[in-house]
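Working through the structure, step by step
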Amino acid sequence: MELIRKLTAFVPCHRRPDRSIHFRGKPFPLCARCMSILLGFLAVPILFFLPKTIPLWMGMVLQIPMVIDGVTQKLKWRESTNFLRVVTGGMSGIGLSICTIWGSRLLVEIIGRGDIDVIFSALRNGF
């Protein structure tokens, strides 16, 4: 558990025990939402090798449930649950993975062609 704490020290998380997943009576060093976002990044290798690129807008849409969950909780309209934090955090992590892959492929294409017009073309076709 100490190794996990050291590896996650760079993550900006409130680390509240009441909003963390507990294992053997001890809370994970990250809240449920942040842990799920990081686990969502495990989708990067899978998405990278898919033959077809998922559109950028899909990655952005996957952020919306987490934003709604976080904002409504912050405004004290309701209290979220760890289950909801895990689900919306995982969706966000996968969405961020899509954005990462999309941006990486765009960057490789720009470097390969040496042409800045590729950015505008890709942005028009990506949305």
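Parameters and conventions
Residues numbered from 1 in each chain as written. Predicted model: local features only at pLDDT ≥ 70, side-chain atom pairs only at ≥ 80, totals over all residues. Heavy atoms only, no water. Helix = DSSP H or I, 4+ residues; strand = E, 2+ residues; numbered from the N terminus. Buried < 20%, exposed > 50% of the residue type's maximum accessible area, 1.4 Å probe, protein only. Polar contact = N/O pair within 3.5 Å; in protein donor to acceptor, adjacent residues only side chain to side chain. Contact = heavy atoms within 4.5 Å. Phe/Tyr/Trp six-rings, centres within 6.5 Å; stacked < 30°, edge-to-face > 60°. Lys NZ or Arg CZ within 6 Å of the ring centre and 35° of its normal. pLDDT = per-residue confidence, 0-100. Salt bridge = Lys/Arg side-chain N within 4 Å of Asp/Glu carboxyl O.

We now examine the side chain of S80. With respect to the secondary-structure elements, S80 resides in the loop between α5 (64-74) and α6 (82-113). A residue is classified by how much of its surface remains accessible, and S80, at 5% relative accessible area, is buried. A distance of 2.8 Å separates the side chain of S80 from the side chain of D69, its partner in a polar contact. Beyond its immediate sequence surroundings of up to four residues, S80 is in contact with R33, D69, Q73 and R85.

The subject of this paragraph is the side chain of S36. Locating S36 in the fold gives a position in helix α2 (residues 32-40). With residues up to four places along the chain from it excluded, the contact list for S36 reads R85, V86, G89 and G90.

Turning to the packing of aromatic side chains, a few remarks are in order. Taken as a whole, this structure holds 1 aromatic pair when the rule is applied. With centroids separated by 5.1 Å and ring planes inclined at 90°, the aromatic side chains of F48 and F49 adopt a geometry described as edge-to-face. Lying across the ring of F48, R105 places its NZ or CZ 5.7 Å from the centre.

What follows is about the confidence of the model for the chain. Detailed reading of the predicted coordinates is not advisable wherever pLDDT is low. Confidence along the chain averages 81 in pLDDT terms, with 77% of residues attaining 70 or more. The secondary structure element of the chain with the lowest average pLDDT is helix α1 (residues 2-7), at 63, and the one with the highest is helix α4 (residues 56-61), at 94.

Attention now goes to the pattern of salt bridges. Applying the stated criterion to the full structure yields 3 salt bridges. A salt bridge links D69 to R33; its shortest N-O distance comes to 2.4 Å. Of this pair, D69 sits in helix α5 while R33 is found in helix α2, placing the two residues 36 residues apart along the sequence. With respect to burial, D69 and R33 carry one shared label: buried. For R78, the salt bridge is made with D69, and the minimal N-O distance between the two is 2.3 Å. Given the relative accessible area of 32%, R78 is considered partly exposed. Residue D69 is classed as buried on the basis of its relative accessible area, which comes to 1%. Here the salt bridges share partners, and the residues they tie into one network are R33, D69 and R78.

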